[in-house]
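# Structural features, examined
Each chain, written out:
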Amino acid sequence: MSGKVLDPEGNPLPSATVYVEKVSDSTLVTYTISESSGEFTLAGSSKEKNLNLLISFAGYKPFKKLVQIKKETQNLGDLKMELEDNQLGEVTVVASRPPLTLKKDTLEFNADSFKTRQNANLEELLEKLPGVEVDSDGAITVNGKPVSSIKVNGKEFFGDDPLIATKNLPKEIIEKIQVSNEKTKSEEFTGKAGDPDNKTINITIKEDKNKGYFARATAGGGTDDRYELSGIGNIFKDDMRLSILASSNNINSSGFSFDEVYGMMGGGNARSVFGGGGGITKAENAGLNYTNEWNDKYEFNGDYFFGRNDTRQETEVETKYTIADSTNTEEDGASISFFENSDSYSNLLNDSHRANARFEIEFDTLTKLSISPRFTANIGISERGSSSDRSNEDGELVNTTLIEESEDIHSTSFSNNIDFIKRFGNRGAFLQLEFRTTYDDQENDNYFYSERVVYDDNGNNTEIQDQYIDEDGNTENYSFSVSQRSVLSDDLFLDLSYDFSSNNNTNERYVFEADENGDYSVLNEGLSSNFEVKSRQHIPNAGINYEGDVWRIDTNFGLLNTTLENNNYLSDISFDNTYNNLYMRARIRYEVERSKSLSIDYSTDANVPSVRQLQPVIDQTNPNNIITGNPDLRPSYTHNIRGGYRNFDFSTRSGIFSYFNLNFTENNVVARTITDTQDFSRTTTYTNVDGAMSASLGVFYNKQKKNENSEFRYRLSLNSSYNKNVGYSNGIKFYSETVSIDPSIRITYAIEDIIEINPEVGIGYNNSHYSISNPNDREFINQRAGLEVTTYWPKNVVFGNDISYNKFGNVSSQFDNTSLLWNTSLGYQFWDEKANLKIKVYDVLDQVINTRRQFGDDYIQDSSSLVLTQYAMLSFTYNLKNFGGKNYGSRGGRRPPPPPGR
């Protein structure tokens, strides 16, 4: 079915929403958006003989026409819209709400137009929207652009964690989903264009659901003493929202993801467990979030989180080092190899506190003040240790090392942003003042013991360190910026700004050796330091910016002035330098038509080396690698070029998205390591090099086909990268080049209320070449495949299976390199679908492993870590919902009254 949408004068209307519904119950069948020419094509199938055709466009009366469905292609010809007459007292009756609406910079979806299974959450709703992708970790992209934040009624929902919203907001309370370019609060107030490379999703709550509450609680117990307890409650009342959550579990779960099929499986999901960080964590968390607005002038948003994590990790590592032979002057590319085997363990118990607040005052419609304080604190105890041995190419033992540490960690951080904005008129002119400050403090008390034995022709030489290390670090940062925008003409602006930042890092590290009585009373001045690094940046800049509907051109040019000052108070060494670079931000974006655009931008930046890299003090907490900083380091200076193309066709539900990224770095800070060829101990410092670069290119294509009761979609992706690194191998400068190519395909097939199938397959090709030490060259392929199958039949029964296969190429024969991981769950809903009983089994085949292969400039490392293993668990979940004084079950509808006489 096709046609053309016109205004009363016969001009085409682009971006009009065209859709068809069933006559009987107004169920959405299919929809599209008109092109720039006004033409549209509706694709899909229906058993209905007649359908209602509807057209919606802002400022025009809704168009409605009964259409008889024919087998052959239908052309409805020109369809003229009528202007909306907004005379006072006139009532406009709208037959239905369009499934989506395109505004200037916002894509708006009507939640009720997209059918999901009963008791669905926001994440499942997002997966039904055209152009929206949700990966296995919950990350969201819209038309190829990542979603960086999710808001509810325009306000943050539990800070910056979008998963809490996507996993817990029920679909039944959602009215609209609005997708727009990411904007800061300042950009929202001033009307300045946002970041087109990142998206923000705003969820609006239905008016009748914006007064009430919903809550959910889960309790479960399983084999091997595994358990889970969690709950979340939300109260809505107009502009006020209060959310409370809490959880406790020992299955590596955050506790806030209530997915009915795989929720609480542990480790996130099957694909992330294999090759992940490993370890087993007992986590206890609690938090609350409060949002309110008074008199349209005052707005407050605050949250507090408490977390206690008890994490145990165990790792077995095999490493092969291949370094340049600096003693061989006759053979170019000569190398030396040696091997290291190690076992390590750690146990960290940490309590964390995090509090955020944002208070906004609108003095009038043109003046606004925002204050945003943030506080974090961590109190932890760490116990860790390792044992390792090193051998030469002939397998002869060279040295062994034993390390044991016990450390108390205390850290606090406070930051505050004060933002004042004064707008001038409604054309976009404004003055903005912003002040930011950050204060970080960290205290570490470390009891360190190491024993290193070196084996040589003269016998065994044992080196022992028994120390108490008292280290305190402090960072003070404050910055100030003033920006002014003047209007030159419609959509053309002059921006003037000045940014200043000051960063002051101090580090006091005192090392005390144990005396003959075992008391730590002897100060080791050679390993101790009292260091201060001060950096200052001044960035005066100006730009001409054009923000039109089709073209957007942003330019900012200025001076990047960096001052770096170092002081070592124990050795009375100090120096300071000043560096001047070009500051530039330039972006060009061309929107060919709605949902089709091309962009490219260029930027520069300078990064100051860390305190550890600058400190000219010996750090020998790893006896096999002694580190000394370099106070003569210069800040690195980077050039970044990015670009992208996106095109989504609503008529065919298909889209292609691509990106590229180029980075060039001057004065890149790299490690320079020298290896002793006798005992293979290493000494490391840092230096600047030029010539480092990286490039990446990606292409994605997705397509969706939806009939009345079934859906089919697929996603093809190709990511590739090239990295050129300049570094040192045993003191000899070299360069390396690495190429990686990663194609994948994911398919979704679903029959409504019956089954959903998601197969996925991908491979990763890697090839690295080094200018020296040819044995470091490597080429390998990683393989992965997965299958998710979820059935919703019979009614109220949900049966889920997640199977994943992984194979790492070129892993040492000492480690398993393949894994077949199968997770399964069976859930039953009852009590008016308010309750759910679920049995789940993690790692049915008992094959989960955590094997990894990592590469460095002069090493290949294989590791195997402790992971969560097979367990079964029975859990119970209960839902409470009440909106506008009405109790709701999971269907989101009110319970029917009892029949007469009962």
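Given the structure is predicted, the values throughout are model-derived calculations rather than measurements.

Rules and cut-offs
- Residues numbered from 1 in each chain as written.
- Predicted model: local features only at pLDDT ≥ 70, side-chain atom pairs only at ≥ 80, totals over all residues.
- Heavy atoms only, no water.
- Helix = DSSP H or I, 4+ residues; strand = E, 2+ residues; numbered from the N terminus.
- Rg over C-alpha atoms; globule rule 2.2 N^0.38 Å.
- Buried < 20%, exposed > 50% of the residue type's maximum accessible area, 1.4 Å probe, protein only.
- Contact = heavy atoms within 4.5 Å.
- Areas by Shrake-Rupley, 256 points an atom, 1.4 Å probe, with all protein chains shown as cover.
- Core = buried A, V, L, I, M, F, W, Y, C linked by side-chain atoms within 4.5 Å.
- Polar contact = N/O pair within 3.5 Å; in protein donor to acceptor, adjacent residues only side chain to side chain.
- Pairing = 2+ DSSP bridges.
- Phe/Tyr/Trp six-rings, centres within 6.5 Å; stacked < 30°, edge-to-face > 60°.
- Lys NZ or Arg CZ within 6 Å of the ring centre and 35° of its normal.
- Axes fitted to C-alpha atoms, helices over the stretch in contact; angles between N-to-C directions.
- 1 Å grid on protein atoms, 1.4 Å probe; cavity = no way out; pocket = protein on both sides within 12 Å on 5 of 7 lines; lining within 4 Å.
- Points joined across faces, edges and corners; volume = space filled by probe spheres on them.
- Nonpolar A, V, L, I, M, F, W, Y, C, P; charged D, E, K, R; others polar.
- Patch = residues over 30% accessible without salt bridge, like charges linked within 9 Å, V, L, I, M, F, W, Y side chains within 5 Å.
- Salt bridge = Lys/Arg side-chain N within 4 Å of Asp/Glu carboxyl O.

### Observations regarding the overall build of the protein
Regarding its fold elements, the protein presents 5 helices and 49 strands. What you see for the protein is a C-alpha radius of gyration of 31 Å, in line with the 29 Å of a compact globule of 902 residues. Counting only C-alpha atoms and orienting by the principal axes, one finds that the protein spans roughly 100 × 65 × 55 Å. Each of the 902 residues in the protein was classed as buried or not, and the buried ones make up 48%. Restricting to contacts in the protein with at least 6 residues of sequence separation, those with at least 24 account for 64%. For the protein, the exposed area adds up to about 42,100 Å²; of that, 50% sits on carbon and sulfur atoms.

### Here's the deal with the nonpolar core
The tendency in soluble globular proteins is for nonpolar side chains to be buried as a group. Core analysis: the largest hydrophobic core is formed by 43 residues, its most contacted members being Leu126, Ile177 and Ile201. Leaving out residues up to four positions away in the same chain, Ile201 has contacts with Leu126, Ile140, Val147, Ser149, Ile150, Lys151, Ile177, Gln178 and Val179. By size, the runner-up hydrophobic cluster in this structure holds 18 residues, among which are Val29, Leu53, Ile55 and Leu79.

### Brief notes about the side chain of Ser382
Relative to the helices and strands, Ser382 resides in strand β22 (residues 367–392). At 2.8 Å, the side chain of Ser382 forms a polar contact with the side chain of Arg384. Discounting chain neighbours no more than four positions away, the residues touching Ser382 are Asn347, Leu348, Glu405, Ser406, Glu407 and Ile409.

### Some points on the pairing of strand β47 (residues 859–865)
With 5 of 7 residues buried, β47 is to be regarded as a mostly interior element. Alignment of strand β20 (residues 298–324) against β47, held across 7 bridges, turns out to be antiparallel. Opposite Glu316, over in β47, you have Ser864 as the bridge partner. Sheet analysis places strand β46 (residues 851–855) next to β47, joined by 5 bridges and oriented antiparallel. Following the sheet pairing, Phe855 is matched in β47 by Ile860.

### What to know about the sheet that holds strand β33 (residues 625–628)
Spatially, the 4 strands line up as an open sheet ordered β32-β33-β37-β36, and their pairing is mixed. Each of the sheet's edge strands pairs with one partner strand only, and the pair in question is β32 (618–619) and β36 (668–675).

### Remarks on the packing of aromatic side chains
Using the criterion set out here, one finds 25 aromatic pairs in the structure. For Arg485, the ring lying beneath its charged end belongs to Phe493, and the centroid distance is 4.3 Å. Taking the ring centre of Tyr735 as reference, the NZ or CZ of Lys724 above it sits at 5.4 Å.

### Quick look at the sheet that holds strand β2 (residues 17–22)
Read from one edge to the other, the open sheet built from 4 strands follows the order β3-β2-β5-β6, with strand pairing classed as antiparallel. In the strand order of this sheet, the two ends are held by β3 (28–33) and β6 (63–68), each with one partner. Going across the sheet, the axis of each strand differs from the next one's by a mean of 20°, ignoring polarity.

### Side note on empty space enclosed by the protein
Tallying each qualifying case throughout the model produces 6 cavities of 30 Å³ or more. In this structure, the second largest cavity encloses a volume near 70 Å³. Around the second largest cavity sit Leu129, Pro130, Gly131, Val132, Glu133, Phe648, Arg653, Asn702, Lys703, Gln704, Arg713 and Tyr714, which together line it. Looking at the lining of the second largest cavity, its residues break down into 5 nonpolar, 3 polar and 4 charged.

### Regarding a nonpolar patch on the surface
Nonpolar side chains collect at one region of the surface, where Trp294, Tyr298, Phe359, Phe363, Ile371, Ile418, Phe420, Leu433, Phe435, Tyr478 and Phe480 lie side by side and expose about 900 Å² of accessible area between them. If you list the elements that add at least two residues to the nonpolar patch, you get β21 (335–364), β23 (397–424), β24 (429–456) and β25 (459–489). Tracing the backbone through its elements, the reader meets Tyr478 in strand β25.

### Some words on the pattern of salt bridges
Inspection of the entire model under this criterion finds 31 salt bridges. Ionic pairing is found between Arg784 and Asp742, a salt bridge with its closest N-O pair at 3.1 Å. In this pair, Arg784 sits in strand β42 (residues 778–791) while Asp742 sits in strand β40 (residues 732–751), placing the two residues 42 residues apart along the sequence. Judged by its relative accessible area of 29%, Arg784 is partly exposed. A residue is classified by how much of its surface remains accessible, and Asp742, at 27% relative accessible area, is partly exposed. Shared partners join several salt bridges into a network, and the residues in it are Lys128, Glu711 and Arg713.

Remember, this is a structural readout, not a statement about activity or role.
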